[in-house]
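# Commentary on secondary and tertiary structure
The lines below spell out each chain.
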Amino acid sequence: GAGVSQSPSNKVTEKGKDVELRCDPISGHTALYWYRQSLGQGLEFLIYFQGNSAPDKSGLPSDRFSAERTGGSVSTLTIQRTQQEDSAVYLCASSLAGSNYGYTFGSGTRLTVV
Amino acid sequence: SQKIEQNSEALNIQEGKTATLTCNYTNYSPAYLQWYRQDPGRGPVFLLLIRENEKEKRKERLKVTFDTTLKQSLFHITASQPADSATYLCALDRGSTLGRLYFGRGTQLTVWP
(Lines give C-alpha, C1' and ligand atoms only; values in the text may rest on other atoms or scores of the structure.)
Protein backbone atom coordinates (compact mmCIF):
# COMPACT_ATOMS: atom_id res chain seq x y z
CA GLY A 1 0.00 0.00 0.00
CA ALA A 2 0.89 3.65 -0.15
CA GLY A 3 1.48 3.95 3.56
CA VAL A 4 1.49 2.08 6.85
CA SER A 5 -2.03 1.08 7.79
CA GLN A 6 -3.12 0.41 11.37
CA SER A 7 -6.40 -0.94 12.63
CA PRO A 8 -8.51 -0.24 14.49
CA SER A 9 -7.91 3.49 14.75
CA ASN A 10 -9.65 3.54 18.13
CA LYS A 11 -10.29 0.78 20.64
CA VAL A 12 -12.07 0.99 23.95
CA THR A 13 -11.85 -2.13 26.06
CA GLU A 14 -12.67 -3.19 29.56
CA LYS A 15 -9.92 -3.86 32.03
CA GLY A 16 -8.90 -7.50 31.94
CA LYS A 17 -9.86 -8.09 28.31
CA ASP A 18 -7.39 -9.01 25.57
CA VAL A 19 -6.86 -6.78 22.54
CA GLU A 20 -5.19 -7.21 19.16
CA LEU A 21 -3.78 -4.33 17.17
CA ARG A 22 -2.91 -4.77 13.53
CA CYS A 23 -0.25 -3.16 11.35
CA ASP A 24 0.10 -3.39 7.57
CA PRO A 25 3.55 -2.07 6.63
CA ILE A 26 4.63 -0.67 3.30
CA SER A 27 5.20 -3.44 0.81
CA GLY A 28 8.88 -4.31 0.58
CA HIS A 29 9.86 -2.77 3.90
CA THR A 30 11.78 -5.41 5.79
CA ALA A 31 11.84 -3.68 9.16
CA LEU A 32 8.77 -3.14 11.34
CA TYR A 33 8.56 -1.40 14.69
CA TRP A 34 5.98 -0.91 17.42
CA TYR A 35 6.06 2.11 19.69
CA ARG A 36 3.55 3.53 22.11
CA GLN A 37 2.93 7.14 23.04
CA SER A 38 1.19 8.17 26.20
CA LEU A 39 -0.27 11.65 26.67
CA GLY A 40 2.55 14.16 26.98
CA GLN A 41 5.19 11.45 26.75
CA GLY A 42 7.74 10.55 24.15
CA LEU A 43 7.61 7.48 21.97
CA GLU A 44 8.39 4.33 23.92
CA PHE A 45 9.96 1.48 21.94
CA LEU A 46 8.19 -1.86 22.24
CA ILE A 47 9.45 -4.35 19.63
CA TYR A 48 11.36 -4.49 16.34
CA PHE A 49 11.22 -7.05 13.53
CA GLN A 50 13.89 -7.25 10.84
CA GLY A 51 13.46 -9.75 8.06
CA ASN A 52 13.75 -13.32 9.29
CA SER A 53 15.86 -12.41 12.32
CA ALA A 54 14.64 -12.94 15.85
CA PRO A 55 12.70 -9.85 16.94
CA ASP A 56 14.12 -7.38 19.43
CA LYS A 57 11.56 -7.63 22.24
CA SER A 58 13.53 -5.65 24.77
CA GLY A 59 10.97 -2.85 24.99
CA LEU A 60 7.91 -4.95 25.85
CA PRO A 61 6.82 -3.74 29.31
CA SER A 62 5.50 -7.07 30.59
CA ASP A 63 4.73 -10.62 29.53
CA ARG A 64 1.15 -9.52 28.84
CA PHE A 65 2.49 -7.96 25.64
CA SER A 66 3.42 -10.02 22.60
CA ALA A 67 3.74 -9.43 18.88
CA GLU A 68 4.17 -11.45 15.76
CA ARG A 69 4.85 -10.75 12.16
CA THR A 70 3.51 -13.23 9.67
CA GLY A 71 5.11 -13.80 6.29
CA GLY A 72 7.39 -10.85 6.77
CA SER A 73 4.48 -8.49 6.31
CA VAL A 74 1.47 -7.90 8.58
CA SER A 75 2.13 -7.61 12.30
CA THR A 76 -0.19 -8.05 15.27
CA LEU A 77 0.45 -6.66 18.73
CA THR A 78 -1.49 -8.47 21.43
CA ILE A 79 -2.08 -7.19 24.94
CA GLN A 80 -3.54 -9.70 27.35
CA ARG A 81 -5.50 -8.85 30.50
CA THR A 82 -5.38 -5.13 29.72
CA GLN A 83 -4.76 -2.65 32.51
CA GLN A 84 -5.60 1.05 32.66
CA GLU A 85 -1.93 1.95 32.35
CA ASP A 86 -1.94 0.31 28.93
CA SER A 87 -4.03 3.20 27.62
CA ALA A 88 -1.96 4.96 24.98
CA VAL A 89 -1.56 5.43 21.25
CA TYR A 90 0.17 2.44 19.72
CA LEU A 91 2.20 3.36 16.66
CA CYS A 92 3.58 1.05 14.03
CA ALA A 93 6.34 2.01 11.61
CA SER A 94 8.20 0.32 8.80
CA SER A 95 11.42 1.02 6.95
CA LEU A 96 13.89 -0.34 4.47
CA ALA A 97 16.81 -1.77 6.42
CA GLY A 98 19.81 0.48 6.09
CA SER A 99 17.61 3.11 4.49
CA ASN A 100 18.40 6.79 4.63
CA TYR A 101 14.73 7.59 4.55
CA GLY A 102 13.76 7.09 8.15
CA TYR A 103 10.66 5.38 9.39
CA THR A 104 7.20 5.61 7.90
CA PHE A 105 4.62 5.62 10.68
CA GLY A 106 0.99 4.71 10.64
CA SER A 107 -1.60 6.95 12.28
CA GLY A 108 -1.74 4.71 15.31
CA THR A 109 -4.36 2.91 17.37
CA ARG A 110 -5.70 4.82 20.33
CA LEU A 111 -6.33 2.28 23.08
CA THR A 112 -8.46 3.21 26.05
CA VAL A 113 -8.85 0.74 28.90
CA VAL A 114 -11.83 1.49 31.13
CA SER B 1 20.64 4.00 28.20
CA GLN B 2 20.44 6.94 25.84
CA LYS B 3 18.90 10.15 27.17
CA ILE B 4 17.56 12.75 24.77
CA GLU B 5 16.51 16.26 25.72
CA GLN B 6 14.71 18.68 23.48
CA ASN B 7 14.62 22.33 24.41
CA SER B 8 11.49 23.71 25.99
CA GLU B 9 8.30 21.83 25.48
CA ALA B 10 6.84 24.75 23.54
CA LEU B 11 8.23 27.40 21.22
CA ASN B 12 6.17 30.30 19.88
CA ILE B 13 7.45 32.50 17.06
CA GLN B 14 6.11 34.99 14.59
CA GLU B 15 5.56 34.09 10.97
CA GLY B 16 8.59 34.80 8.82
CA LYS B 17 11.11 34.30 11.63
CA THR B 18 13.51 31.38 11.93
CA ALA B 19 12.58 28.69 14.42
CA THR B 20 15.49 26.89 16.10
CA LEU B 21 14.90 23.68 18.00
CA THR B 22 17.56 21.91 20.05
CA CYS B 23 18.20 18.25 20.66
CA ASN B 24 20.82 17.17 23.19
CA TYR B 25 21.80 13.61 23.95
CA THR B 26 23.98 11.84 26.48
CA ASN B 27 25.94 8.62 26.53
CA TYR B 28 26.99 7.07 23.26
CA SER B 29 27.09 8.90 19.95
CA PRO B 30 24.58 7.80 17.37
CA ALA B 31 25.41 6.88 13.81
CA TYR B 32 22.38 8.85 12.68
CA LEU B 33 20.16 11.55 14.04
CA GLN B 34 16.70 12.07 12.61
CA TRP B 35 14.02 14.71 12.86
CA TYR B 36 10.29 14.06 12.59
CA ARG B 37 7.18 16.19 12.54
CA GLN B 38 4.03 15.09 14.35
CA ASP B 39 0.59 16.66 13.97
CA PRO B 40 -2.23 15.98 16.47
CA GLY B 41 -3.80 12.57 15.99
CA ARG B 42 -1.20 11.50 13.44
CA GLY B 43 1.95 9.44 13.45
CA PRO B 44 5.33 11.16 13.13
CA VAL B 45 6.49 12.05 9.63
CA PHE B 46 10.16 11.74 8.72
CA LEU B 47 11.84 15.01 7.72
CA LEU B 48 15.62 14.72 7.69
CA LEU B 49 18.42 12.33 8.59
CA ILE B 50 21.99 13.44 9.30
CA ARG B 51 24.95 11.13 9.77
CA GLU B 52 27.63 11.49 12.42
CA ASN B 53 30.21 12.54 9.83
CA GLU B 54 27.96 15.27 8.40
CA LYS B 55 27.93 18.73 9.87
CA GLU B 56 24.85 20.09 8.13
CA LYS B 57 22.00 19.02 5.92
CA ARG B 58 19.36 21.09 4.18
CA LYS B 59 15.97 20.42 2.64
CA GLU B 60 14.02 23.38 1.32
CA ARG B 61 13.42 25.67 4.34
CA LEU B 62 14.80 23.11 6.80
CA LYS B 63 18.37 22.88 8.06
CA VAL B 64 19.82 20.41 10.52
CA THR B 65 23.23 20.59 12.13
CA PHE B 66 24.97 17.86 14.09
CA ASP B 67 27.79 18.52 16.54
CA THR B 68 29.11 15.26 17.95
CA THR B 69 31.48 17.12 20.30
CA LEU B 70 28.64 19.02 21.93
CA LYS B 71 26.30 16.02 21.49
CA GLN B 72 23.75 18.35 20.03
CA SER B 73 21.63 18.82 16.93
CA LEU B 74 19.95 22.03 15.91
CA PHE B 75 16.89 22.06 13.68
CA HIS B 76 16.07 25.29 11.88
CA ILE B 77 12.96 26.30 9.96
CA THR B 78 13.55 29.49 8.02
CA ALA B 79 10.78 31.84 6.87
CA SER B 80 8.42 29.99 9.19
CA GLN B 81 4.71 29.75 8.36
CA PRO B 82 1.64 28.96 10.47
CA ALA B 83 1.48 25.63 8.60
CA ASP B 84 4.79 24.71 10.26
CA SER B 85 3.02 24.57 13.62
CA ALA B 86 3.43 21.02 14.93
CA THR B 87 5.47 18.97 17.39
CA TYR B 88 8.99 18.18 16.22
CA LEU B 89 10.78 15.09 17.48
CA CYS B 90 14.43 14.21 17.32
CA ALA B 91 15.45 10.58 17.29
CA LEU B 92 18.73 8.69 17.44
CA ASP B 93 19.76 5.26 16.41
CA ARG B 94 22.94 3.39 17.12
CA GLY B 95 24.19 1.57 14.17
CA SER B 96 24.77 1.19 10.50
CA THR B 97 21.34 -0.28 9.99
CA LEU B 98 18.08 1.19 11.13
CA GLY B 99 17.50 -0.51 14.43
CA ARG B 100 15.44 0.92 17.22
CA LEU B 101 15.21 4.66 17.47
CA TYR B 102 15.28 6.58 20.74
CA PHE B 103 12.93 9.55 20.59
CA GLY B 104 12.90 12.80 22.50
CA ARG B 105 9.62 14.10 23.91
CA GLY B 106 9.41 16.74 21.23
CA THR B 107 9.07 20.49 21.02
CA GLN B 108 5.67 21.95 20.19
CA LEU B 109 6.16 24.79 17.72
CA THR B 110 3.49 27.43 17.17
CA VAL B 111 3.95 29.98 14.41
CA TRP B 112 1.57 32.89 14.71
CA PRO B 113 0.66 35.27 11.91
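Just above sits the structure.
A brief report on the enclosed structure follows. No experiment lies behind these values; they were computed from the predicted model shown. Every chain is numbered independently, its residues counted from 1 as its sequence is written. Each chain gets a letter, beginning with A, and each ligand a number, beginning with 1, in the order they are written. Local features are withheld for residues below a pLDDT of 70 in this predicted model, meaning they are given only at 70 or higher, and side-chain atom pairs are given and counted only at 80 or more; totals for whole chains, interfaces and linings count all residues. Only heavy atoms go into the side-chain values, all of them from the structure, while hydrogens and water stay out.

### Concerning the sheet that holds strand β7 (residues 75–79) of chain A
Residues and elements named next belong to chain A. Filter applied, for reference: At least two DSSP bridges between two strands are required for those strands to pair. Counting from the N terminus, the helices are the DSSP runs of H or I reaching at least four residues and the strands are the DSSP runs of E reaching at least two. The axes are straight lines fitted to the C-alpha atoms, using for helices just the contacting stretch, and the angles between their N-to-C directions are given from 0 to 180°.
The strand order β1-β3-β7-β6 describes an open sheet built from four strands, whose pairing is antiparallel. The open sheet is flanked by β1 (5–7) and β6 (65–69), the only strands paired with a single partner. Strand-to-strand, the axes of this sheet are offset by a mean angle of 15°, without reference to chain direction. Bridge count for strand β3 (residues 19–24) against β7 is five bridges, and the pairing is antiparallel. In the sheet register, Cys 23 faces β7, and the bridge partner there is Ser 75.

### Side note on the pairing of strand β8 (residues 72–77) of chain B
Consecutive side chains along a regular strand alternate between the two faces of the sheet. Residue and element names in this part refer to chain B. Inspection of the sheet shows strand β3 (residues 19–25) paired to β8 by six bridges, in the antiparallel sense. Its bridge partner lying in β8, Asn 24 is registered against Gln 72. For strand β7 (residues 62–67) and β8, the ladder comprises six bridges, and the chain directions are antiparallel. What sits directly across from Phe 66, in β8, is Ser 73. Following β7, the chain reverses through four residues before pairing antiparallel with β8; Lys 71 in that reversal takes a positive phi of roughly 55°.

None of the figures reported here should be taken as evidence of function without further support.
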